[in-house]
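Spelled out from the first residue to the last, the chains are:
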Amino acid sequence: MKSESVERKQEESRSSSVSPADLASVKPTGNHDLEDSRYHTGFLRRTTQLLSRYGIETHGIAPVPAEERLETRWYQMFFVWFSANMNILTFSTGTVGPAFFSLGVNDSLIVIIIVDLVVCLLPAFFAVFGPKLGTRAMVQARFSWGYFGAIIPTVLNVFSMQGFLILNCIVGGQTLASLSSHLDDTLGIVIIGIISLVVTFCGYRIIHWYESIAWIPNVIAFITMLGVGYPQLRDNQSAPVSQATAAEVISFASILASSILSWCPMTPDYGVYHSPAASSARIFLYTYLAFFAASVTAHSLGAAFAAAAPNVPAWNGGFNNSSSVGGLLYSVLLPTGVFGKLLTALVALSIPSACAPTMYTFSTSFMAVAPWFAAVPRWVYILISEGVLIPVAIVGAKKFYTTFVDILNIIGYWSSVFSAIILTEHVLFRRASFSEDQYPITTWASHTLLPSGIPAVVAFVCACGALVPFMSQAWYVGPVARHGSGDVGVYVGFVVGAITYALARSFEKTLYKRMSKSVV
């Protein structure tokens, strides 16, 4: 008869029949990944070894053992997300309220504060998984989605990260182009893409170093914008605006929520080398403060300046009929002369603070799709991402807001369901614990020892089906949204995903428990 501890591991990991011998046969992973130990052959082997000698990160997707998670500079957990959000892309998300949904500044600010205060809790929660388990986000997902089921969010994450990279480069390119008539979006996109490539190529530690300083020019620029533009912002407070509809408010809230939720499949990746010694509350607090402080500041500034732009001819000319966020920023800073040009250039050149983490997660997610993808080193996927990024961003820049809203919403739909499933699994079925008993990390690459993933796939399909009627996109408006509800698909997906997963996972555990008893 199986021991009680083995039965508990079986129920928590896979809810299926696994022999004690199978559990015992799984050895802890060290520096060499189980899934990518075969890639170092020929040219790839020689190149990877050379890069490793120069300090370039070459570790793949295998969990980082506790004895190798030694980083104790916990302030990095704050700055990596503060820098990634305190930039012009987050600023541009705030402009969507007035520019795309015609909301007034007061309505926009109320929505921003409420949404940021609540939704920033989720990426902060996910950040705790990195130091505690040493797993990349898409590897950790296997403990709820199963080995094969996790392919779904992994593939979606690959496309989502590339979509975000495109948005980042478009905004950066537009900002650089606003400096001179001799520059255009294309050249700016290429410059931003190359800087992002260099930072990301070096890996985890260089990204953290870069993020610790990348926020500085953005904070200076935003403070300067407030100082220069305050009279116009104050006058705009009393400007008449049309009455906001519920659909417009809800849809703007969905855009904000989507932009924040999209970080959930990323945040664990930037704590995998940090020591698990810190309390979960400390990691959570650092990350939450970073997300909230940066998001609410940049979102609010974006909304305020976009709402005022139609009443300030110089700003509106730079905004180019709500199509150039970089032009708006430069036009606000223009009265400061050369200093304003310098700030605008630095803001554009700091866009890689958002690009670098995104491109990094793109590469690790690609490796987690299947063993044969893990057979290619991380740096190759960085080059692939760069090759796709530049031409697509150049095309997408022609219709910025349509591209922006569509990409953010699509990412938000699946990210909300993904977040609900991971959260439900951890809280209800892993007892909110990061212990080896709850997360047997050594089973990360074993499809026989990981959960079946069927409840997660069922919940994902049900949630996606449930949110379709509530969608409101340029290319599709669901029947419920058509009646004036606005786009609530993100919220419907989260709620349905959490409830369906809880029911399906409970049913699976009960079923396999009965099966194991009948076998005994």
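All of these numbers come straight from a predicted model, not from anything done at the bench.

Cut-offs and rules
- Residues numbered from 1 in each chain as written.
- Predicted model: local features only at pLDDT ≥ 70, side-chain atom pairs only at ≥ 80, totals over all residues.
- Heavy atoms only, no water.
- Helix = DSSP H or I, 4+ residues; strand = E, 2+ residues; numbered from the N terminus.
- Buried < 20%, exposed > 50% of the residue type's maximum accessible area, 1.4 Å probe, protein only.
- Contact = heavy atoms within 4.5 Å.
- Areas by Shrake-Rupley, 256 points an atom, 1.4 Å probe, with all protein chains shown as cover.
- pLDDT = per-residue confidence, 0-100.
- Axes fitted to C-alpha atoms, helices over the stretch in contact; angles between N-to-C directions.
- Parallel < 35°, antiparallel > 145°, perpendicular 65-115°, else oblique.
- Nonpolar A, V, L, I, M, F, W, Y, C, P; charged D, E, K, R; others polar.
- Expected span 1.5 Å × (residues − 1).
- Phe/Tyr/Trp six-rings, centres within 6.5 Å; stacked < 30°, edge-to-face > 60°.
- Left-handed = near helix turned anticlockwise from the far one by under 90°.
- Salt bridge = Lys/Arg side-chain N within 4 Å of Asp/Glu carboxyl O.
- Disulfide = S-S within 2.5 Å.
- Core = buried A, V, L, I, M, F, W, Y, C linked by side-chain atoms within 4.5 Å.
- Patch = residues over 30% accessible without salt bridge, like charges linked within 9 Å, V, L, I, M, F, W, Y side chains within 5 Å.

Overview of the overall build of the protein chain
- Scanning the protein chain from N- to C-terminus turns up 24 helices and zero strands.
- The burial tally for the protein chain puts 58% of its 520 residues in the buried class.
- Long-range pairs, those at least 24 residues apart, make up 84% of the contacts in the protein chain with a sequence separation of at least 6.
- Element-wise, carbon and sulfur atoms account for 68% of the exposed surface of the protein chain, whose accessible area totals about 19700 Å².

Describing the confidence of the model for the protein chain
- The pLDDT averaged across the protein chain works out to 86; a share of 89% of its residues lies at or above 70.
- Note on residues 1-10: pLDDT under 50 across the span, and 15 contacts to partners over four residues away in sequence or across chains.
- Note that residues 15-39 has pLDDT below 50 and, in this model, 59 contacts with residues that lie over four places away or in other chains.

Description of the packing of helix 5 (residues 88-101) against helix 17 (residues 325-333)
- The contact between helix 5 and helix 17 brings their axes to 10 Å, and the two run at 100°. Here helix 5 is positioned roughly perpendicular relative to helix 17, judged by the angle of their axes. Two secondary-structure elements touch here, helix 5 through Ile88, Phe91, Ser92 and Thr95 and helix 17 through Val325, Gly326, Leu328 and Leu329.
- Looking at the contact of helix 5 with helix 17, its residues break down into five nonpolar, three polar and no charged.

Side note on helix 11 (residues 151-177)
- Over its 27 residues, helix 11 runs 39 Å from end to end, which matches the ideal 39 Å to within 8%, given 1.5 Å per residue.
- With respect to burial, helix 11 is a largely interior element, 22 of its 27 residues being buried.

Overview of the packing of aromatic side chains
- Tallying each qualifying case throughout the model produces 36 aromatic pairs.
- Where Trp81 meets Tyr270, the ring centres are 5.3 Å apart and the plane angle is 80°; that geometry is what we call edge-to-face. Here the residue Trp81 occupies a position in helix 4 (residues 75-85), and Tyr270 occupies one in the loop between helix 14 (246-261) and helix 15 (280-308), the gap between them amounting to 189 residues.
- The class of Trp81 is buried, set by a relative accessible area of 0%.
- By relative accessible area, Tyr270 is classed as buried at 0%.
- An angle of 25° between the planes, with centres 6.2 Å apart, marks the rings of Trp145 and Phe418 as stacked.

Here's the deal with the environment of Ile192
- Positionally, Ile192 belongs in helix 12 (residues 185-202).
- Sequence separation between Ile192 and Gly173 is 19 residues, and the spatial gap between their C-alpha atoms is 6.9 Å.
- If we skip the residues at most four places from it in the chain, Ile192 touches Cys169, Gly172, Gly173, Leu176, Ala348, Leu349, Ile351, Pro352 and Cys355.

Structural notes on the environment of Leu179
- Positionally, Leu179 belongs in the loop between helix 11 and helix 12.
- Residue class for Leu179 comes out buried when judged on its relative accessible area of 16%.
- As for Leu179 and Leu334, which are separated by 155 residues in sequence, their C-alpha atoms are 9.6 Å apart.
- Excluding its chain neighbours within four sequence positions, the residues that come into contact with Leu179 are Tyr330, Lys341, Thr344 and Ala345.

Section: the packing of helix 13 (residues 204-236) against helix 17
- Here helix 13 crosses helix 17 at 60°, and the two axes come no closer than 9 Å. Of the possible angle classes, the one that applies to helix 13 and helix 17 is oblique. Crossing hand, helix 13 versus helix 17: left-handed. Contacts from Ala221, Phe222, Thr224, Met225 and Val228 of helix 13 reach helix 17 at Leu329, Val332 and Leu333.
- When its residues are assigned to classes, the contact of helix 13 with helix 17 shows seven nonpolar, one polar and no charged.

Considering the pattern of salt bridges
- All told, the structure shown has six salt bridges when counted by the stated rule.
- Residue Arg136 pairs with Glu57 through a salt bridge whose shortest N-O separation is 3.2 Å. Placement of Arg136 in the loop between helix 8 (129-133) and helix 9 (137-140) and of Glu57 in the loop between helix 3 (42-53) and helix 4 is noted, with a sequence separation of 79 residues between them. Both residues of the pair, Arg136 and Glu57, belong to the buried class.

A look at the state of the cysteines
- This structure, assessed with the given rule, holds zero disulfides.
- Cysteine Cys462 shares no disulfide, and the gap to the nearest cysteine sulfur, in Cys464, comes to 9.5 Å.

Some points on the nonpolar core
- In this structure, Phe91, Trp145, Phe305 and Trp315 are the most contacted members of the largest nonpolar core, which totals 149 residues.
- It is helix 15 that contributes the most residues to this core, 14 residues altogether.
- Contacts of Trp315, omitting those with residues within four sequence positions, involve Gly229, Gln232, Leu233, Phe305, Ala308, Ala309, Leu328, Ser331 and Val332.

Section: a nonpolar patch on the surface
- A grouping of Ile206, Trp209, Ile213, Ile216, Ile220, Phe339, Leu342 and Leu346 is seen on the molecular surface, where their side chains present a nonpolar patch of about 700 Å² in accessible area.
- Those elements giving two or more residues to the nonpolar patch turn out to be helix 13 and helix 18 (338-349).
- For the nonpolar patch, the leading source of residues is helix 13, giving five residues.
- Checked against the element boundaries, Leu346 lands in helix 18.

Concerning the side chain of Thr358
- Tracing the backbone through its elements, the reader meets Thr358 in helix 19 (residues 352-368).
- When residues no more than four places from it in sequence are discounted, the contact partners of Thr358 are Met161, Phe164, Leu165, Asn168, Trp263, Met266 and Tyr270.

Regarding unusual backbone geometry
- We note that Arg431 has phi near 55°; this positive angle belongs to a residue other than glycine.
- Relative to the assigned elements, Arg431 resides in the loop between helix 22 (400-429) and helix 23 (454-467).
- Positive phi outside glycine occurs at Ala432, with the angle close to 55°.
- In this fold, Ala432 is placed in the loop between helix 22 and helix 23.

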